[in-house]
Amino acid sequence: MANHSILYPLAAVLHQLSATLNSQQSGTFLIATEQNTSCRFAIEHGRITHCTHSRDKGAAAVQSLLQAKQASCAFSENLMLPFRAEAAVTHEFCLKTLGLQLAKLEDQSKLANETPVDPSPQPALDNSNTNRRNRFYRGGYALGDNDAAV
């Protein structure tokens, strides 16, 4: 969802924020709204510590973000932008106000301990035509009718 030219419903953007928090990463979560305002969340080890939105800081910024209907977002891992002291928020307040759902610690440990399922084997590619002489044609490779396999 990092494409900034496409706007998504705010609920989808908040779902991305929730997924970022569940991953226990640190960095800055950036949101650009349809009203051409920006919002920044400082995240440390999966916990929101600071928030700014437009000219609002702290709890007021979290609440003003809810006025947006559409937005785009991006997460910059390990990017710790400076925030003023008045932008500090409690993690629990943000979760409650934004309606974010986090996975429980037991669920996260189960996901971390699961071994990935091996996907079904892919069919082998037919390499019998790999020795053909290719001719470059309008940005791609084309094999002409009179070209024989080498």
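Refer to the structure printed above.
Thresholds, definitions, all that
- Residues numbered from 1 in each chain as written.
- Predicted model: local features only at pLDDT ≥ 70, side-chain atom pairs only at ≥ 80, totals over all residues.
- Heavy atoms only, no water.
- Helix = DSSP H or I, 4+ residues; strand = E, 2+ residues; numbered from the N terminus.
- Buried < 20%, exposed > 50% of the residue type's maximum accessible area, 1.4 Å probe, protein only.
- Contact = heavy atoms within 4.5 Å.
- Areas by Shrake-Rupley, 256 points an atom, 1.4 Å probe, with all protein chains shown as cover.
- Core = buried A, V, L, I, M, F, W, Y, C linked by side-chain atoms within 4.5 Å.
- Expected span 1.5 Å × (residues − 1).
- Arc of directions from axis to C-beta.
- Phe/Tyr/Trp six-rings, centres within 6.5 Å; stacked < 30°, edge-to-face > 60°.
- Lys NZ or Arg CZ within 6 Å of the ring centre and 35° of its normal.

Enquirer: Help me understand the overall build of the chain in this model?
Expert: Helix and strand counts for the chain come out as four helices and eight strands. Secondary structure elements of the chain occur, N-terminal to C-terminal, as β-α-β-β-β-β-α-β-α-α-β-β. Residues counted as buried form 29% of the 150 residues belonging to the chain. Partitioning the intrachain contacts of the chain with sequence separation of at least 6 by distance along the chain shows that 64% fall at a separation of at least 24. As displayed, the chain has an accessible area near 10400 Å², and 51% of this comes from carbon and sulfur atoms.

Enquirer: Explanation requested: the nonpolar core in the structure shown.
Expert: Ranked by internal contacts, the top residues of the largest apolar core, which has 22 residues, are L17, I31, F41 and I48. Breaking this core down by element, the ones donating at least two residues are α1 (10–22), β2 (27–33), β3 (38–44), β4 (47–53), α2 (59–65), β6 (70–77) and α3 (91–98). For I48, the residues in contact, after removing those within four places along its chain, are L17, L21, F41, A42, I43, V89, T90, H91, C94 and L100.

Enquirer: Looking at this structure, I do not really get α1. What am I missing?
Expert: Since one α-helical turn is 3.6 residues long, residues separated by three or four positions face the same way. For α1, with 13 residues, the first-to-last C-alpha span of 18 Å sits near the 18 Å given by 1.5 Å per residue. Turning to α1, its buried residues are L10, V13, L14, L17, S18, T20 and L21. Buried residues of α1 fall within an arc of 160 degrees about the axis and therefore sit on the same side. Residues of α1 that are exposed and point over 90 degrees away from its buried face: A11 and H15. Of the residues trailing α1, Q24 is marked for its positive phi of about 60 degrees.

Enquirer: How do you make sense of the packing of aromatic side chains when you look at a structure like this?
Expert: For any two aromatic rings, the description comes down to two numbers: the centre-to-centre distance and the angle of the planes. Under the definition given, this model contains zero aromatic pairs. Taking the ring centre of F83 as reference, the NZ or CZ of R40 above it sits at 4.2 Å.

Enquirer: Before we go on, may I ask you to explain α3 in this structure?
Expert: Within α3, the full set of buried residues consists of H91, C94, L95 and L98. What you see down the axis of α3 is that its buried residues fit within an arc of 100 degrees, all on one side. On the buried face of α3, the contacting elements are α1, β3, β4 and α2.

Enquirer: When you look at the environment of H45 in this model, what are you seeing that I'm missing?
Expert: Inspection of the secondary structure puts H45 in the loop between β3 and β4. Its relative accessible area of 59% is what places H45 among the exposed residues. A C-alpha to C-alpha distance of 9.3 Å links H45 and N22, two positions 23 residues apart in sequence. When sequence neighbours within four positions are dropped, the list of residues in contact with H45 reads Q24, Q25 and S26.

Nothing here speaks to function; it is all geometry.
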